[in-house]
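# Coordinates in review
Listed below, chain by chain, are the residues.
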Amino acid sequence: MSKQIISTDQAPQAIGTYSQAVRAGVTVYLSGQIGLDPASMQLVEGIEAQVHRVFGNLKAVAEAAGGSLADVAKLNIFLTDLGNFALVNTVMAEYFSQPYPARAAVGVASLPRGALVEADGVMVLQA
């Protein structure tokens, strides 16, 4: 099975040795997104703005791969403060609808560029 690299200028360009997403068959692996504005490549300020930007970035990459957030089967969320868990749930409900993807939310010591939240996911497209 061959891999297809997914890239869009509607999400931040990779800041390391990775691709925004990789498609293998009907599965798309979405790399972690932090709250970087794709135009300025600067981190947006505040946890709520970062959560919205993370989901907006994931949405842009999902669409570039030919899908949508509705196709996400698994989501991983990393938070530097698990006290923001309820806020993430509230904002996530603006981007996802039932049935929600499987998800993990993990507290971490730090994230790239001082981000407060990061999320990655696995998307399954229709065959």
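Residues numbered from 1 in each chain as written. Predicted model: local features only at pLDDT ≥ 70, side-chain atom pairs only at ≥ 80, totals over all residues. Heavy atoms only, no water.

## Examining unusual backbone geometry
Heads up, the rule is: Secondary structure elements are taken from DSSP: a helix is a run of H or I of four residues or more, a strand is a run of E of two residues or more, and numbering for both begins at the N terminus.
Geometrically, the link from Gln 98 to Pro 99 is a cis peptide bond, its omega value of 0 degrees lying close to zero. Along the polypeptide, Pro 99 turns up in the loop between α2 (85-95) and β5 (102-107). The phi dihedral of Met 41 falls on the positive side, at around 60 degrees, and the residue is not glycine. Following the sequence through the fold, Met 41 ends up in the loop between β3 (27-33) and α1 (47-64). Positioned with a positive phi, Arg 113 is a non-glycine residue whose angle comes to about 60 degrees. Position of Arg 113 among the secondary structure elements: in the loop between β5 and β6 (117-124).

## Some details on the sheet that holds strand β1 (residues 3-6)
To keep it simple, the criterion reads: In this scheme, strands are said to pair when DSSP sees at least two bridges between them. Fitted lines through C-alpha atoms serve as axes, helices being fitted only where they are in contact, and the angles separating the N-to-C directions of these axes extend from 0 to 180 degrees.
With mixed pairing, 6 strands are arranged side by side in an open sheet as β1-β2-β3-β6-β4-β5. The two strands at the open ends of the sheet, each matched to only one other strand, are β1 and β5. Ignoring which end each strand starts from, the neighbouring axes of this sheet average 15 degrees apart. Pairing of β1 with strand β2 (residues 21-24) involves 4 bridges; the strand directions are antiparallel. Across the sheet, residue Gln 4 finds its bridge partner in β2, namely Arg 23.

## Some thoughts on the nonpolar core
Generally speaking, nonpolar side chains in soluble globular proteins are found buried as a group. Note the cut-off: To define a nonpolar core, start from buried Ala, Val, Leu, Ile, Met, Phe, Trp, Tyr and Cys residues and group those joined through side-chain atoms within 4.5 Å. Using a 1.4 Å probe on the protein chains alone, a residue whose accessible area is under 20% of its type maximum counts as buried, one over 50% counts as exposed, and one in between counts as partly exposed. Any two residues whose heavy atoms approach within 4.5 Å are treated as being in contact.
By size, the foremost hydrophobic cluster in this structure holds 27 residues, and its most contacted members are Leu 30, Phe 55, Leu 58, Leu 75 and Ile 77. Elements represented by at least two residues in this core include exactly β3, α1, β4 (72-79), α2 and β6. Contacts of Phe 55, omitting those with residues within four sequence positions, involve Leu 69, Leu 75, Ile 77, Val 88, Val 91, Met 92, Tyr 95 and Phe 96. The next biggest cluster of nonpolar side chains, apart from the first, holds 5 residues, and it includes Ile 34, Leu 36, Leu 111 and Ala 115.

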